[in-house]
Number of protein chains: 2
Amino acid sequence: MLFTQTFIPTLREVPGDAVIASHRLMFRAGMLRKLANGLFTYLPLGLRSFRKLERIVREEMDATGALEIKPSVVVPGELWKESGRWETMGEALLRVKNRLGADLVVSPTAEEAFTAMVRDELSSYRQLPLTLYQINTKYRDEIRPRYGVMRGREFTMKDAYSYHTDDAGLDEMYEKMGRAYRRIFKRCGLTVIPVRADSGAMGGSGSEEFMVESEIGDNTLVLCRDCGYAANVEKAACKPDYNPDGGVPAAAIAPVDTPAVRTIEELCNFLNTGASAFIKTLIYRAINVELDLSEAPGTCRPEKKAPRGGQDGPVTYGEAFFAVLIRGDLEVNEVKLAAVLKASEVSLAADADVERLTGAPVGFAGPVGLRTIPLVADESVTVMFDAVTGALAKDLHYTHAAYGRDFTPWLVTDLRTVKAGDRCTLCGGELYEKKGNELGHIFKLGYKYSRSMGVHYLDEEGKTRLPTMGCYGIGLDRTLASVIEEHHDEGGIVWPMTLTPYQVIIIPIKYGEAVKAAADQLAATLEGAGIEVLLDDRDERPGVKFNDADLLGIPYRVVVGEKNLAPDKPRVELKRRGKGEIRLMELGFGAGKAAEELSALIRGELAELNR
Amino acid sequence: MLFTQTFIPTLREVPGDAVIASHRLMFRAGMLRKLANGLFTYLPLGLRSFRKLERIVREEMDATGALEIKPSVVVPGELWKESGRWETMGEALLRVKNRLGADLVVSPTAEEAFTAMVRDELSSYRQLPLTLYQINTKYRDEIRPRYGVMRGREFTMKDAYSYHTDDAGLDEMYEKMGRAYRRIFKRCGLTVIPVRADSGAMGGSGSEEFMVESEIGDNTLVLCRDCGYAANVEKAACKPDYNPDGGVPAAAIAPVDTPAVRTIEELCNFLNTGASAFIKTLIYRAINVELDLSEAPGTCRPEKKAPRGGQDGPVTYGEAFFAVLIRGDLEVNEVKLAAVLKASEVSLAADADVERLTGAPVGFAGPVGLRTIPLVADESVTVMFDAVTGALAKDLHYTHAAYGRDFTPWLVTDLRTVKAGDRCTLCGGELYEKKGNELGHIFKLGYKYSRSMGVHYLDEEGKTRLPTMGCYGIGLDRTLASVIEEHHDEGGIVWPMTLTPYQVIIIPIKYGEAVKAAADQLAATLEGAGIEVLLDDRDERPGVKFNDADLLGIPYRVVVGEKNLAPDKPRVELKRRGKGEIRLMELGFGAGKAAEELSALIRGELAELNR
């Protein structure tokens, strides 16, 4: 391809809002342009890399046995109402009313569209397992899109959904997908941090996120220096920093006047002790709780809602309140809390609710004598036998409160937010934190959607059953951007061979006469051998061409200059992007020798990445 | 691919709303499912054919030198406001407000998105010509989607836009695209009717529609039996059915009382004459008129609007009225009328407007003495020298009205709707009508968008100029459906080799032992030779498999049965879909002979279509 015949508008200037390397470089290299905030156009160069990524993902998906389909991008709102996500998805869901007043959704994800189709087609266990995927346009109405395609509003995602008769089948596909994801990222030359949720607090639920380290990452990762344990802070667990068996109840509980003292810090000062001596009691409001609360204590009973997905759905509670207990120096992890309560959302209760439920102003909640709502305690509380805590009355606290003697939680579980310096749950090593961006996610969904959307099949004995589901997503745009984040230098992009828009860039020092003939010949011979060539035929100074070649990041740069074109032994300069060395390469008859050498280099690099 | 490893839910039942063959067969063959009205999911089999079509379109686009890009599907409403189409596009444009209150559009077409990007990047004539295309998702909020993907709401379209410094460059790309379109349809095995607008009334404006004949077509085509002239009725011209030079004015014009007579039919009866003796006068309201009306006659002056696209845009009139004259037995073609007036829309004026402008009740409009608005006459009126026409007063008509003596139109042009039986404008042959569906359209846009959206470049002399544009679209879904419309029989689809999801279907009579071994071997050898094979390993009766093979339309069917597998000379049955003959084919060592024979047949068919 001649440079002047394609459209590669390189820029010296960096767009003002481009703060990360991939955003800057995709714009400067003429790969991408902005249509509006969070909406972009891939230009020819960017699209070439994008299509290569798409192909890698497709190949690896096909290799798992997943079958590609293509649902529409705009889908009926009805499906989202069935699954319940019309309400729970919030404002990131782009809702449209069409001219006939029907609700539509511009898909942000496709559990509903796939499951609705499978529901109509599934009748027998013989049709299972079934794994379907798409590579398609998605839209999420990000409130603050930024960092180019790393966090855009519209993006392309590969999402797969699998349907199985049992856990063993789901486990098998889940493992296959995990291997496919590792291969995809390896082929892209990406270093990912696989973050398993099931090695931690969540038990064997099955979820693995594929993260790349990034300063501007949405996620905080907790990693172990010693054993390689990695977890999203939302789900990370740690070893207890206390003796789990330890201690006996202290002296009898005693009230203490604490006038005008409300925060833990004020209490610490007032009682001259550390935060770890306190039991923090937080009143939480949870929405759409699926945990069975029929046996839970409390005089304020939450109201039941009709079960979702017909008779076999679980009972839910639209709104329920809980008193969450945790050691004073720790923070509650709300993702863990929501998971334990099977709630779609949890948040601190409003002051009025706190006062109503505790009978005291905000700041004096405590577990002792609290009868209105269930107590949910972090494990740290189970060894607190001489604690300070609120006494459910203004300006009053208890000292010497003891777990199991003065109060007994309804639930005890892991609710703490792990942080750097905590100890690894697996090996006891020191944990540290990194920011990360999620590129992919594989997840055992279980029966959530088959239940809510009423998907059934008949098993071998003719009984009606629900299939169990897995879902598996990769964001293509942010994967491409992450490759650039990992592979660039101050001159520009340094493409891995698998994703480069062109494999060779030929730069004639001056595109005319013998130089032109040699450059054209080499390009033709290379293209004949299936190599992707960009020939910079622009009427520009060599320096401009060299800079642009570096910016574009094409792996092999061949410079054709008159001085090396000796009639008996014409040669060209060869340089690998990202490496300093420049060496001369013989062209050979019909540029055959150079083409052969370059082909071998390129195929070698491809083989290494695709291995 | 094993049948049981893919997902091909064939149906015996036809969906109730499927009235055309392609809709029925795409559902029955398990290619497609419905998500909602006008919204579909391509299943694996359908997607395979769809992707092949996509590839053909992409190859032919690349061959023209067009460059593929990928803008977002959701685009800012701002761009549509700039182009003016936010207002003129009507309700088919799916408009969304995002969470921040910004207007968004789910793209139905992409003139705006492409032109906005080009506007930002274009600076010099050296960047032109530039032709860009996408193959992307589109949405049009069809009020009545039907016929499956033939008229869906969401669909995939290839749309290209070209930018040029002059008409010669545009003409060249327009011709190239025309050739590419012919090749695309030929490669798909489709018979298209290219309908040029510029051979008819519209002069050399440059527009060609690629139609397929269809009972349920949106378009009426007018074709000549003798010379092959074909035109959309919206634009078709015909030879005058009168002597264009003929006649002299008749006796002096005379009023005649016509009590309670309003329609042409009533008049015919009343005056005992034919409809062709009348001059029909219709008052039209036109919206966004770009025709210069500053010199037009009329006491009711239309109001000017600010020019679009800054100072160099044409003046428009938001609303203007015209009296349109045509011979009584002819119909006004509103598309022609809108084109002549350069209006975005024309429609018959409301009764109140008619009464206000003619000073008479509806039914008595006529050209003689009408001073309020301009007269626009069809050419048929120019030979009417003894006509009957309304006299601008209740219950009064004129007889003996003569063109040029009693009234003089401001404009005379071709406005008639051509119909079957009219005479060909080129050769005088008899015209006939067909219903057609438009699959593709190439169109010289000119300066419309570069002007309204302010696209500029500097020419060789440093002067600021507007580029001229072309646009070129193909609907992929309806092209695929049209292929099925043209290639099916009562048993199912009969795929052309270029678009078939698989090239060979192997049917083992019973998938076990020697039959299984032979079938597996043949499949492996064929796949090794790059042939796409579906092996029907289902535990079904042969009759079911044969019927499904016919339904799916895979070109070559190979039946492997025990009786033909003699150890010394094993053979299989071969049948070409759509042909009756079944013959035996030797398998040969490692199925090599059969594979070679099949490969040759398949490559031969591909070569013929792709020639």
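On a predicted model such as this, the values are computed, not experimentally measured, just so you know.

Residues and elements named next belong to chain B. Strand order in this open sheet of three strands is 14-21-20, and the pairing throughout is antiparallel. Sheet topology places strand 14 (254–257) and strand 20 (387–393) at the edges, where each strand pairs with a single neighbour. Adjacent strand axes in the sheet meet at a mean angle of 35 degrees, parallel and antiparallel pairs treated alike. For strand 14 and strand 21 (residues 396–401), the ladder comprises four bridges, and the chain directions are antiparallel. What sits directly across from alanine 254, in strand 21, is threonine 399.

Below, the discussion takes up the pairing of strand 32 (residues 571–576) of chain B. Side-chain direction in a regular strand flips from residue to residue, so the side chains alternate between the two faces of the sheet. Residue and element names in this part refer to chain B. By the bridge criterion, four bridges tie strand 31 (residues 556–560) to strand 32 in an arrangement that is antiparallel. Each residue of the ladder has a partner; that of tyrosine 556, found in strand 32, is arginine 576. Sheet analysis places strand 32 next to strand 33 (residues 582–586), joined by five bridges and oriented antiparallel. Bridging from a neighbouring strand, leucine 574 pairs with arginine 583 of strand 33.

Tracing the backbone through its elements, the reader meets A:Val559 in strand 31 (residues 556–560). Not counting residues within four places of it along the chain, the set of residues in contact with A:Val559 comprises A:Ile507, A:Ile509, A:Val572 and A:Glu573.

With that out of the way, let us pick up the nonpolar core. What tends to happen in soluble globular proteins is that the nonpolar side chains get buried as a cluster. With 268 residues, the main nonpolar core has A:Val504, A:Ile506, A:Leu522, B:Val504, B:Ile506 and B:Leu522 as its most contacted residues. Among the nonpolar cores identified, the runner-up in size contains 48 residues, and B:Val354, B:Val376, B:Tyr398 and B:Tyr403 belong to it.

Moving on to the interface of chain A and chain B. Opposite the 42 residues of chain A that make contact, chain B presents 42 residues. The greatest single-element share of the side of chain A that touches chain B, amounting to five residues, is contributed by helix 5 (residues 111–121) of chain A.

To continue, consider the packing of helix 12 (residues 513–528) of chain A against helix 14 (residues 592–610) of chain A. Two packed helices can be described by the angle between their axes and the distance between those axes. All names here are of chain A. Contact geometry for helix 12 and helix 14: axes closest at 9 Å, N-to-C directions at 45 degrees. By the criterion of interaxial angle, the relationship of helix 12 to helix 14 is oblique. Note on packing geometry: the crossing formed by helix 12 with helix 14 is right-handed. When helix 12 is examined against helix 14, the residues Leu522, Thr525 and Leu526 are found in contact with a partner set consisting of Gly592, Ala594, Ala595 and Leu598.

Looking now at the sheet that holds strand 33 (residues 582–586) of chain A. All names here are of chain A. Pairing within the open sheet is mixed, and its five strands lie in the order 30-29-31-32-33. The open sheet terminates on both sides in strands that have one partner only, identified here as strand 30 (533–535) and strand 33. Geometrically, the sheet is characterised by an average inter-axis angle of 25 degrees between neighbouring strands, direction not taken into account. Packing of helix 14 onto the sheet brings it into contact with strand 29 (504–508), strand 31, strand 32 (571–576) and strand 33, and relative to strand 33 it is tilted by some 130 degrees.

Attention shifts here to the relation of the copies chain A and chain B. Of the transformation placing chain A onto chain B, the axial shift is 0.0 Å and the rotation is 180 degrees, giving an RMSD of 0.1 Å. Such a combination of rotation and displacement between the chain copies is what one expects of a two-fold axis. Closest approach to the rotation axis among the C-alpha atoms of chain A is made by A:Val96, whose C-alpha sits 2.9 Å away. A shared interface surface links the copies, since 100% of the contact residues of chain A are contact residues in chain B too.

Attention now goes to the confidence of the model for chain A. The share of residues in chain A with pLDDT of 70 or more is 97%, and the mean pLDDT across the chain is 92. Of the two predicted TM-score estimates for the complex, the pTM is 0.89 and the ipTM is 0.89.

The next subject is the domain arrangement of chain A. Size of an interface, as often reported, equals the accessible area lost when the parts are brought together. Domain parsing of chain A yields domain 1 (19–73 + 108–237 + 433–483), domain 2 (254–413) and domain 3 (502–610). A straight line from the C-alpha centre of domain 1 of chain A to that of domain 2 of chain A covers 36 Å.

Each neighbour pair has its own omega, and for A:Leu128 with A:Pro129 the value is 0 degrees, a cis peptide bond. Structurally, the position occupied by A:Pro129 is in the loop between helix 5 and strand 8 (130–139).

A word on helix 13 (residues 542–552) of chain A. Residue and element names in this part refer to chain A. Of all the positions in helix 13, only Lys545, Asp548, Ala549, Asp550, Leu551 and Leu552 are classed as buried. Where helix 13 is buried, its residues contact helix 1 (21–28), strand 28 (492–493), strand 29 and strand 31. Glycine 553 lies just past helix 13 and shows a positive phi near 80 degrees.

Let us now look at helix 11 (residues 476–486) of chain A. For helix 11 of chain A, the buried fraction is high: ten of the eleven residues fall into the buried class. Among the residues of helix 11 of chain A, those classed as buried are A:Leu476, A:Asp477, A:Arg478, A:Thr479, A:Leu480, A:Ala481, A:Ser482, A:Val483, A:Ile484 and A:Glu485.

So, about the pairing of strand 9 (residues 154–164) of chain B. Residues and elements named next belong to chain B. Within strand 9, eleven of the eleven residues are buried, which leaves the element mostly enclosed by the surrounding structure. Residues of strand 9 alternate between two faces, with Glu154, Thr156, Lys158, Ala160, Ser162 and His164 on one and Phe155, Met157, Asp159, Tyr161 and Tyr163 on the opposite face, all of them buried. Where strand 8 (residues 130–139) lies against strand 9, ten bridges are found, and the strand directions are antiparallel. Bridging across to strand 9, threonine 131 finds its partner in serine 162. Alignment of strand 9 against strand 26 (residues 468–475), held across eight bridges, turns out to be antiparallel. By the bridge assignment, histidine 164 is partnered in strand 26 with threonine 468.

All names here are of chain A. Put simply, helix 1 and helix 11 touch, their axes get as near as 8 Å, and they point 100 degrees apart. The angle between helix 1 and helix 11 places the two elements in the roughly perpendicular class. Contacts between helix 1 and helix 11 involve Ala21, Ser22, Leu25 and Met26 on the former and, on the latter, Ala481, Ile484 and Glu485. Partitioning the contact of helix 1 with helix 11 into residue classes produces five nonpolar, one polar and one charged.

The rules we used
Residues numbered from 1 in each chain as written. Chains lettered and ligands numbered in written order. Predicted model: local features only at pLDDT ≥ 70, side-chain atom pairs only at ≥ 80, totals over all residues. Pairing = 2+ DSSP bridges. Helix = DSSP H or I, 4+ residues; strand = E, 2+ residues; numbered from the N terminus. Axes fitted to C-alpha atoms, helices over the stretch in contact; angles between N-to-C directions. Contact = placed C-beta atoms within 7 Å. Core = buried A, V, L, I, M, F, W, Y, C linked by C-beta atoms within 7 Å. Buried ≥ 20, exposed ≤ 12 C-beta atoms within 10 Å, placed from the backbone. Parallel < 35°, antiparallel > 145°, perpendicular 65-115°, else oblique. Left-handed = near helix turned anticlockwise from the far one by under 90°. Least-squares fit on C-alpha atoms with pLDDT ≥ 70 in both. pLDDT = per-residue confidence, 0-100. Domains from an automatic or database assignment. Nonpolar A, V, L, I, M, F, W, Y, C, P; charged D, E, K, R; others polar.

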